[in-house]
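Report on the structure
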Amino acid sequence: MTNDKDIKRYSAEDLLAMAARGESRTNLAQIDALTEEALERAIAEDPDWRDVPRDWHRSAEAAMPRPKVPVSIRLDADLVDFFRRQGRGWQTKVNAVLRAYANARQGGKSG
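Quick notes on the rules
- Residues numbered from 1 in each chain as written.
- Predicted model: local features only at pLDDT ≥ 70, side-chain atom pairs only at ≥ 80, totals over all residues.
- Heavy atoms only, no water.
- Axes fitted to C-alpha atoms, helices over the stretch in contact; angles between N-to-C directions.
- Helix = DSSP H or I, 4+ residues; strand = E, 2+ residues; numbered from the N terminus.
- Left-handed = near helix turned anticlockwise from the far one by under 90°.
- Contact = heavy atoms within 4.5 Å.
- Nonpolar A, V, L, I, M, F, W, Y, C, P; charged D, E, K, R; others polar.
- Phe/Tyr/Trp six-rings, centres within 6.5 Å; stacked < 30°, edge-to-face > 60°.
- Buried < 20%, exposed > 50% of the residue type's maximum accessible area, 1.4 Å probe, protein only.

Quick look at the packing of helix 4 (residues 77-85) against helix 5 (residues 90-105) now. The contact between helix 4 and helix 5 brings their axes to 8 Å, and the two run at 120 degrees. Seen along the crossing, helix 4 lies across helix 5 with a hand that is right-handed. Where helix 4 abuts helix 5, its residues Val 80, Phe 83 and Arg 84 lie against Trp 90, Lys 93, Val 94 and Val 97. Of the residues in the contact of helix 4 with helix 5, the class split is five nonpolar, no polar and two charged.

Written out as structure tokens, the structure reads:
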């Protein structure tokens, strides 16, 4: 798990200025030189893509954020611990799990 002190945040303007000064650590020439096979292998070996289905984009939808409503809910302590251990955004993940359940119960409707 990452630590907040290890996370650095930059605005888009900061990143553009850093690239203009030659501070980018991305080797675009190396990326451009990858063959399709090497690129596919790199994606397959990337742990962040491990559980992403190959055709994920077929069911992807652009969605406007819905307004959130503050609630008080009692949950099992181990469930709360599970989500909290995932770090920042854990409540958003709980919301996503509940949304997926609701969508499945409604026959795949998104809201």
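For the rest of this paragraph, the subject is the packing of aromatic side chains. Inspection of every chain in the model, using the stated rule, returns two aromatic pairs. Here the aromatic rings of Trp 49 and Trp 56 are separated by 6.3 Å at their centres, their planes lie at 50 degrees, and the arrangement is tilted. Classification of Trp 49 by relative accessible area gives partly exposed; the value is 37%. On the basis of relative accessibility, which here comes to 43%, the residue Trp 56 falls in the partly exposed class.

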